[in-house]
Amino acid sequence: MNALDHVFISVLHKLAALVPASVQPLVSMLLIIAGLMAVFGTCFALTTILERKTLGRMQNRFGPNRVGPFGLFQPLADGVKMLIKEDIVPFSADKVVHFLAPVALTVPIWLAFSVLPFGRNMTAIELDSGILFFFAIGSASELAVFMAGWSSQNKYSLVGAMRAIAQMISYEVPLVLASVPVLIAASSLSLPDIVQAQSGFALGFVPRWNVFTPWGLAGFALFLTAAAAESNRCPFDLPEGESELIAGYLTEYSGFKYALFFLGEYLGLFAVTGLAVTLFLGGWQAPAKWLEWFPSWGWFGLKFSALIFLFIWARATLPRLRLDQLLTFAWKFLVPLALVNLVVAVAWWQSGAWQFASALEVRWLLGAGLLAVSYVWLGRGWNGGKSTLRQYSYAE
Amino acid sequence: MLGRGIIRGLIETGRNFCGSYHDPARLTTVQYPEEKLPPQENARTIPFLVYDGADPLAGLRCTACTICEQECPAHCILIVKDTVKKPDYLGKMQFHPKVFDIDIAVCMGCGICAEVCPFDSIKMDRVFELARDRRAMVFHKTDLAKSNEYFREIHPGEAAAVDVARAEEQRKAQAKKAAIPAPAPAAP
């Protein structure tokens, strides 16, 4: 445990020591909040520019490169633009709800960061049921989205909000079901405990991360898919599909309120990505023994950035789904597969006591085989085999 | 199997991502203010007036016939005839424009003026950086006059044809001039 690993905690202790002991808990909490907001606010700004540049490169374009060196000051220019833009509230809008919606979206998402372990001993609130808190808080964003769509008094907003509700509620089921095996494996709901349960190395070199088990790998894929839908990322960004709905529930928002929605969307993605790192990629643990000199928060950051890049990559690749495809995908593919995964996880856990010679190989073969068979079978069912000509009732 | 298309797509975009860094030929964007595409001969933006010789105003081919003014669909040309006639390249006495204005904010670059001009005077230019910081979009004849050398440079084919035709006309006119006085002394 080196000094670099502890740098944030020691800075926090030194700053908190400057004030009288009676207000120290309050001050240290405020400092943590300020730190989280600073780090993830910067992360948001950087992600917007890097996402645009990456998308550009994936489409053989340059991406933004005009403001500052390599266009790196673009988020600054965007921020200034957002701040000084006129804030228009529609005449017939429900003014109070219209104002509250962006706030109601951003606040719970900031709260979700409080239970994530960003490094060794770096959890803001060590809740015993941290993951439960995370999902409970995360589902509050649905309310904010519907507030935005309802209060705007605009058909596009309302349709966008309805889609968002249908999508977020549907995808919350596979999201939670995919993370249940991890809770079984760790026998805990506390996120630091889940990270601790993934420490150590199997066979001397393979880290005991959940992703290196059959149920963990499938759960990771399911979790990422559901996470993309949960945070309205491409290819599941139907609620704001600009080709059909202008901007969905964001249609009547402008200026700083729009920026808040944008911020909330990215922060939601960050939070759920941080949870994916914690649940499946061993949190802040180093991938090998000899790499442990690198600070734990650095490992978290690296895994986090890799997953964010994966989301950007998927966005550059996949087209948007149709609404019925989206819901069918959740209920007829992801949820059954997550249930199968749960069975595999329990079987894996129960068969841990097997003692014969090649027990690990047999367990792997059984688990991965069951998952692969159900994946292929469910995938065929989802595709519907043959495509049939679509019947339009009203468009004739 | 479900997911094969997704993997293939991811490989394609990943290849683009890596390729665009080590192979600049993939990036088709022309970064405009720093680099520009080579100009095209058939590009046309706004009209200009061709002049011969060294003095732009004295050498204007325009005879203020106002055909272009009448034909212009956008009515962006304003011509005021001069009161005195001056000899043109054939020696004929012709009017010249006192005022020749084109409102380039209104001009739509259709090229009809250049098509109808019987004197090969008005031609289409290819300048395009015409943005102004104020509404000074009316070009006067001093702004519009450009030399025949410039015309040859931007439209080599058309300019060469015009030059040949004009030289032919000039030769005919001189031959006629030379032919008219010749029978006069023979009459008596």
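Residues numbered from 1 in each chain as written. Chains lettered and ligands numbered in written order. Predicted model: local features only at pLDDT ≥ 70, side-chain atom pairs only at ≥ 80, totals over all residues.

1. Considering the overall build of chain B
Helix and strand content of chain B: seven helices and eight strands. Its C-alpha radius of gyration of 26 Å places chain B more than 25% over the 16 Å reference for a compact globule of 188 residues. The C-alpha extent of chain B, read off along each of the three principal axes, is 105 × 40 × 30 Å. Here chain B, with 188 residues, has 20% of them falling under the buried criterion. Sequence separation of at least 24 residues holds for 70% of the intrachain contacts in chain B that already meet a minimum separation of 6. (Helix = DSSP H or I, 4+ residues; strand = E, 2+ residues; numbered from the N terminus. Rg over C-alpha atoms; globule rule 2.2 N^0.38 Å. Buried ≥ 20, exposed ≤ 12 C-beta atoms within 10 Å, placed from the backbone. Contact = placed C-beta atoms within 7 Å.)

2. So, the overall build of chain A
Helix and strand content of chain A: 14 helices and two strands. Considering only C-alpha atoms, chain A reaches an extent of 70 × 70 × 40 Å along its principal axes. Considering only residue pairs separated by 6 or more positions, chain A has 76% of its internal contacts joining residues 24 or more positions apart.

3. Quick look at the domain arrangement of chain A
Residue and element names in this part refer to chain A. Under the domain assignment, chain A is made up of domain 1 (1–84) and domain 2 (87–375). Relative placement of domain 1 and domain 2: their C-alpha centres are 21 Å apart. On the domain 2 side, the residues contacting the 18 residues of domain 1 number 22 residues. The set of elements that each furnish at least two residues to the side of domain 1 that touches domain 2 consists of helix 1 (7–16), helix 2 (24–58) and helix 3 (74–84). Residue contributions to the side of domain 1 that touches domain 2 peak at ten residues, all from helix 2. Grouping the constituent residues of the side of domain 1 that touches domain 2 by class yields twelve nonpolar, four polar and two charged. (Domains from an automatic or database assignment. Nonpolar A, V, L, I, M, F, W, Y, C, P; charged D, E, K, R; others polar.)

4. Quick word on the pairing of strand 1 (residues 47–51) of chain B
Residues and elements named next belong to chain B. The element strand 1 is largely enclosed, with a buried count of five among its five residues. Of the two faces of strand 1, the one carrying Pro47, Leu49 and Tyr51 and the one carrying Phe48 and Val50 are both buried. In this structure, strand 1 lies alongside strand 6 (residues 122–124), joined through three bridges in antiparallel fashion. Looking at strand 6, one finds that phenylalanine 48 is bridged to lysine 123. Here three bridges tie strand 1 to strand 8 (residues 145–147), and the two strands are oriented parallel to one another. When the sheet's bridge partners are listed, valine 50 is paired in strand 8 with lysine 146. (Pairing = 2+ DSSP bridges.)

5. So, the pairing of strand 5 (residues 97–103) of chain B
Residues and elements named next belong to chain B. Pairing of strand 2 (residues 77–81) with strand 5, which is carried by five bridges, proceeds in the antiparallel orientation. Its bridge partner lying in strand 5, lysine 81 is registered against proline 97. Pairing of strand 5 with strand 7 (residues 138–139) involves two bridges; the strand directions are antiparallel. Residue pairing for strand 7: aspartate 103 is matched across the bridge by valine 138.

6. So, the nonpolar core
If you look at the biggest cluster of nonpolar residues, it comprises 87 residues, and the most contacted ones within it are A:Phe223, A:Ala226, A:Ala276 and A:Leu334. The leading source of residues in this core is helix 11 (residues 255–280) of chain A, at 13 residues. In contact with A:Leu334, other than residues within four places in its own chain, are A:Pro174, A:Leu222, A:Thr225, A:Ala226 and A:Phe329. Counting 23 residues, the second-largest nonpolar core is a separate cluster that includes B:Leu60, B:Cys68, B:Ile122 and B:Ile154. (Core = buried A, V, L, I, M, F, W, Y, C linked by C-beta atoms within 7 Å.)

7. Describing the interface of chain A and chain B
Facing 15 residues of chain A, the contacting portion of chain B comprises 14 residues. Broken down by element, the residue count for the side of chain A that touches chain B peaks at four residues, all from helix 14 (residues 359–383) of chain A. Residue composition of the side of chain A that touches chain B, by class: seven nonpolar, six polar and two charged.

8. Focus on the environment of A:Trp290
Residue and element names in this part refer to chain A. Within the secondary structure, tryptophan 290 is located in the loop between helix 11 and helix 12 (296–317). Taking the number of C-beta atoms within 10 Å as the measure of exposure, tryptophan 290 has 6 and is therefore exposed. Placed 241 residues apart in sequence, tryptophan 290 and isoleucine 49 show a C-alpha to C-alpha distance of 34 Å.

9. Things to note about the packing of helix 7 (residues 155–186) of chain A against helix 9 (residues 214–230) of chain A
Residue and element names in this part refer to chain A. Axis separation between helix 7 and helix 9 bottoms out at 8 Å; the angle between their running directions is 155°. Regarding the angle of helix 7 to helix 9, the classification is roughly antiparallel. Crossing geometry of helix 7 relative to helix 9 is assigned as left-handed. Only Trp215, Gly219, Leu222, Phe223, Ala226, Ala227, Ala229 and Glu230 of helix 9 make contact with helix 7, whose side of the interface consists of Gln167, Met168, Tyr171, Glu172, Pro174, Leu175, Ala178, Ser179, Pro181 and Val182. Across the contact of helix 7 with helix 9, the residue classes tally to 13 nonpolar, three polar and two charged. (Axes fitted to C-alpha atoms, helices over the stretch in contact; angles between N-to-C directions. Parallel < 35°, antiparallel > 145°, perpendicular 65-115°, else oblique. Left-handed = near helix turned anticlockwise from the far one by under 90°.)

10. Examining the packing of helix 4 (residues 95–112) of chain A against helix 6 (residues 140–151) of chain A
All names here are of chain A. Interaxial distance between helix 4 and helix 6 falls to 8 Å at its minimum, and their mutual angle equals 165°. Overall, the two elements helix 4 and helix 6 adopt an arrangement that is roughly antiparallel. Between helix 4 and helix 6 lies a crossing whose hand is left-handed. For the pair helix 4 and helix 6, contact is made by Val97, His98, Leu100, Ala101, Ala104, Leu105, Pro108 and Ile109 and by Ala140, Ser141, Leu143, Ala144, Val145, Met147, Ala148, Trp150 and Ser151, respectively. Here the residues of the contact of helix 4 with helix 6 are counted per class, giving 14 nonpolar, three polar and no charged.

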